Amino acid sequence: MSRIALLSEEVASQVAAGEVVERPASVVKELVENSIDAGAKRIEVMIRRGGISSIRVVDDGSGMDRDDALLCLERHATSKIRTGHDLAAICTLGFRGEALPSIASVSRFRLATREHTALAGTEVIVNAGKIESVRDGGDAPGTQIEVRSLFYNLPARRKFLRTENTESSHVEHQLHLQAIGHPEIGFVFVKDERVVWQLAPAAHLRERIRDLCGAALAAELLDVPEFATDGISIRGCIGKAGMSRSSRAQQLVFLNGRAVENNTINFALREGYHTALMKGQHPVTFLFIEMDPAEVDVNVHPAKREVRFRNAAWVREAVVEAVRLALESDRASWSRTFRAEATSAISTTDDTLPLIPAGEQVALRKDWSALPLQPVPPRGPDLPTPEIQRPVSRTPAPAAPKSQAPIEPPTSAPAPSRQTSNLNSSHDFKILGVLGKLYVLMENAGGLVLVDQHAAHERILFEEMKRRMEQQGVPGQRLLLPLTLEVSPRDGDWLARNLDVLQRAGIGLEPFGAGTFKIDSLPTFLRATEPTQLLRDIIDDLRETSAQTSKLRLGEDMIAKTVCRHAVKANDYLREPELVRLIQDLLACELPYCCPHGRPTMIQMSYAELEKKFGRKA
Ligand code: ADP
Ligand code: MG
């Protein structure tokens, strides 16, 4: 007796449904994608009880005639591709012809559709995959699909559904993706008869983000400058340096209009942000990548979530570059806001708030001055060298260059209020003092600025070392007695592969017999009491990152790891000229607003915020 039998159409559909329809959110995804493919300008989604009880999607797209309304319920019936050849050039969201029959096989399903020029529409009722009735329908042009009692005929699947709240948040996330991916389409989301959001068609992505995610988030985003290199173009908005999330929920990437999850892109984003992102955190992105569909395989996953690239390195480089450009463009506008102009405006607050408490005149920190820190020259004509007003202090300020306006004598009364403040332009600021031996307080026209002196110094050291490494390599200091380092075979491999990077970073290392390396020089700035232990720590830290990052990044990581140990710490008193220098050097950095570990260096607290806190303004 033969043991193999062809599955009935009904069972085959249920099997297919297992892959495509996992939960209400997957139904919503497939239906909305179909509406988008049908050219809808407005899509309304209604769910009841997390979508478990019912899901309804109404669009004003092309609609279908009666033949198509029946055909679309057959498996492998699609209007989007015809031949295998077409698979290489998919420009629609759907193409597998599986979604509708799968969904209809596991629910009570109703389709009502009408073409715009047709006199009447068609209504089809299907229960658990069986067509119950087909008749004329009088609905508006477009398509309406209603899916009730999901998995009612498959109790085992139904058991896997989570609470209504969980299911409904999955639905909402799915709709967020679709709405961000298609700002030109109007969306309405109704949950348990209540309108959750209603989005008018938007002319720009930013508008859609604002409508959906709020103005506060939108204000924190940078535009990715339109970026195109051979066959790939990237646009969108991404979070500023230092802005991060603990999950990837707001890391949205669209490839040819489709929301995708892809590790190549995830790593590229991380690498693009690099030191502008805290370790273990994820960036906020609304990134749109457009490329030749032949270069990407979307037919990897039944729900089309994952994609595979023919040339991953090419995509990765483009994404890294796009992120880098966006962050860099921010640096220009940032420095415009914070640049201190050499005006005659002078602080008088030093009399009441000394920078250094009397009797605490500590010596200049030797290890800081050991590193000749040169401010980075401005990158373009629109980036003037930042200058800072010198606050009046008890210690005489360094002589001002000739070009600078003379320093006015302090006025007799301190002028703490906004009206009398002499900081007129938003470019000016002055140092007020240091709080808790860590935070430098500054005033600018916008309000209060707080600088974390440790984070700021880390950033300055980091960029200095990085620049040196890129230019000529960090000078190493020869050790009087070379040290030997014994390592495991795995660490040995890693070291051997990365010798050049380590050498550029000032660590003179060479193989010295089996499992042993000889260290004969260390970077000058590294004054470790236990160099071998330190090197071991560095290897441990770096091996993790190196699997995912390029060699240049590896060097940067190493610097980021080591500068932290050497930067000015909290509790280190900086004298006024040192503070001025610190702020100057920070402002000259490429990415001044966050330390090499992605933490902010500087926080602005606006007058508006202060007024709100003090109840001066509603
Ligand atoms: P696919 O989207 O992969 O083609 P589906 O099962 O999702 O497969 O849909 C089958 C076909 O039904 C589509 O190719 C399309 O022609 C038609 N269709 C589905 N939904 C709509 C809709 N909302 N408006 C117009 N046509 C639709
Ligand atoms: Mg589809």
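Residues numbered from 1 in each chain as written. Chains lettered and ligands numbered in written order. Predicted model: local features only at pLDDT ≥ 70, side-chain atom pairs only at ≥ 80, totals over all residues. Heavy atoms only, no water.

### Comments concerning the overall build of the protein
Thought 1: Looking only at helices and strands, the protein features 18 helices and 23 strands.
Thought 2: Per-residue burial over the protein gives 49% buried out of 618 residues.
Thought 3: For the protein, contacts bridging at least 24 residues in sequence account for 70% of all contacts bridging at least 6.
Thought 4: Carbon and sulfur atoms form 53% of the exposed surface of the protein, whose accessible area is close to 29,800 Å². (Helix = DSSP H or I, 4+ residues; strand = E, 2+ residues; numbered from the N terminus. Buried < 20%, exposed > 50% of the residue type's maximum accessible area, 1.4 Å probe, protein only. Contact = heavy atoms within 4.5 Å. Areas by Shrake-Rupley, 256 points an atom, 1.4 Å probe, with all protein chains shown as cover.)

### Brief notes about the site of ligand 1
Thought 1: By nearness alone, 20 residues border ligand 1, and N34, T78, S79, K80 and G97 come closest of all.
Thought 2: R96 is positioned such that a nitrogen or oxygen atom in its backbone is 2.9 Å from an oxygen atom of ligand 1.
Thought 3: A total of 530 Å² of accessible area belongs to ligand 1 in isolation, and the protein chains cover 93% of it.
Thought 4: Sorting the residues of the shell around ligand 1 by element identifies α2 (24-37) and α4 (99-105) as the ones contributing at least two each.
Thought 5: Of the residues that constitute the shell around ligand 1, the class distribution is eight nonpolar, eight polar and four charged. (Near = heavy atom within 4 Å. Polar contact = N/O pair within 3.5 Å; in protein donor to acceptor, adjacent residues only side chain to side chain. Nonpolar A, V, L, I, M, F, W, Y, C, P; charged D, E, K, R; others polar.)

### Some details on the side chain of D59
Thought 1: Summarising the element assignment, D59 is placed in strand β2 (residues 54-59).
Thought 2: Here D59 sits buried without a salt bridge, and the closest side chain of opposite charge, K80, lies 9.7 Å off (N-O distance).
Thought 3: Excluding anything up to four places from it in sequence, D59 contacts S35, A40, R42, I43, P141, G142 and T143. (Lys, Arg positive; Asp, Glu negative; His and termini not counted. Salt bridge = Lys/Arg side-chain N within 4 Å of Asp/Glu carboxyl O.)

### Some remarks on the packing of aromatic side chains
Thought 1: On inspection of all chains with the given rule, the structure shows two aromatic pairs.
Thought 2: Ring geometry for F189 against W197: centres 5.5 Å apart, planes inclined by 50 degrees, an arrangement best described as tilted. As far as the burial class goes, F189 and W197 line up, both buried.
Thought 3: Centre to centre, the rings of F254 and F288 are 4.7 Å apart; their planes meet at 15 degrees, and the pair counts as stacked. Of the two residues, F254 is situated in strand β12 (residues 251-255) and F288 in strand β14 (residues 285-291); the sequence distance between them amounts to 34 residues. For the pair F254 and F288, one class covers both residues: buried. (Phe/Tyr/Trp six-rings, centres within 6.5 Å; stacked < 30°, edge-to-face > 60°.)

### Looking at the packing of helix α6 (residues 164-181) against helix α7 (residues 205-213)
Thought 1: One can describe the packing of α6 onto α7 by two numbers: an axis separation of 9 Å at closest approach and a directional angle of 150 degrees. In terms of their interaxial angle, α6 and α7 are classed as roughly antiparallel. Between α6 and α7, the contacting residues are H176, A179 and I180 on the first element and L205, R208, I209 and L212 on the second.
Thought 2: Considered class by class, the residues forming the contact of α6 with α7 number five nonpolar, one polar and one charged. (Axes fitted to C-alpha atoms, helices over the stretch in contact; angles between N-to-C directions. Parallel < 35°, antiparallel > 145°, perpendicular 65-115°, else oblique.)

### Considerations on the pattern of salt bridges
Thought 1: With the rule as written, the count across this model stands at 25 salt bridges.
Thought 2: The residue R110 makes a salt bridge to E123 at a minimum N-O spacing of 2.7 Å. Of this pair, R110 sits in strand β3 (residues 108-114) while E123 sits in strand β4 (residues 121-127), placing them 13 residues apart in sequence.
Thought 3: A relative accessible area of 8% places E123 in the buried class.

### Looking at unusual backbone geometry
Thought 1: Although it is not a glycine, F151 adopts a positive phi angle of roughly 65 degrees.
Thought 2: Within the secondary structure layout, F151 lies in the loop between β6 (142-148) and α5 (155-158).
Thought 3: Owing to a relative accessible area of 1%, F151 belongs among the buried residues under this scheme.
Thought 4: We note that D192 has phi near 45 degrees; this positive angle belongs to a residue other than glycine.
Thought 5: Within the secondary structure layout, D192 lies in the loop between β7 (186-191) and β8 (194-199).
Thought 6: Taking the relative accessible area as the measure of exposure, D192 reaches 38% and is therefore partly exposed.

### Description of a nonpolar patch on the surface
Thought 1: On the surface, L7, V11 and V15 cluster together into a nonpolar patch covering about 270 Å² of accessible area.
Thought 2: You can see L7 is positioned in the segment before α1 (9-20). (Patch = residues over 30% accessible without salt bridge, like charges linked within 9 Å, V, L, I, M, F, W, Y side chains within 5 Å.)

### Regarding the sheet that holds β3
Thought 1: On the basis of which strands lie adjacent, the open sheet formed by eight strands has the order β5-β4-β3-β6-β2-β1-β7-β8 and mixed pairing. Each of the sheet's edge strands pairs with one partner strand only, and the pair in question is β5 (130-137) and β8. Strand-to-strand twist across the sheet, computed as the mean angle between neighbouring axes with direction ignored, equals 10 degrees.
Thought 2: Here strand β1 (residues 42-48) pairs with β2 via six bridges, running antiparallel. In the sheet register, E44 faces β2, and the bridge partner there is V58.
Thought 3: Where α2 meets the sheet, it contacts β1, β2, β6 and β7, and its direction lies at approximately 10 degrees from that of β2.
Thought 4: Along the sheet, α6 contacts β1, β7 and β8; its crossing angle with β7, the most-contacted strand, is approximately 175 degrees. (Pairing = 2+ DSSP bridges.)

### Some details on α7
Thought 1: Those residues of α7 lying buried are L205, R208, I209 and L212. Axial view of α7: buried residues confined to an arc of 100 degrees, hence all on one face. (Arc of directions from axis to C-beta.)

### Description of a negative patch on the surface
Thought 1: Together, D65, D67, D68 and E115 make up a region of like negative charge exposed at the surface.
Thought 2: One can find D67 in helix α3 (residues 66-71).
Thought 3: A relative accessible area of 57% means that D67 is categorised as exposed. (Charge placed at Lys NZ, Arg CZ, Asp CG, Glu CD.)

### A short note on the sheet that holds strand β22 (residues 516-523)
Thought 1: Spatially, β20-β22-β21 is the arrangement adopted by the three strands of the open sheet, whose pairing is antiparallel. The open sheet terminates on both sides in strands that have one partner only, identified here as β20 (476-486) and β21 (508-511). Taking the axes of each pair of neighbouring strands and ignoring which way they run, one obtains an average angle of 20 degrees across the sheet.
Thought 2: In terms of strand pairing, β20 meets β22 through seven bridges, oriented antiparallel. Its bridge partner being in β22, E486 is matched across the sheet by T516.

### As for the pairing of β14
Thought 1: For β14, a buried count of six out of seven residues is recorded, marking the element as mostly surrounded by other parts of the structure.
Thought 2: Alignment of β12 against β14, held across five bridges, turns out to be parallel. Across the sheet, residue Q251 finds its bridge partner in β14, namely T285.

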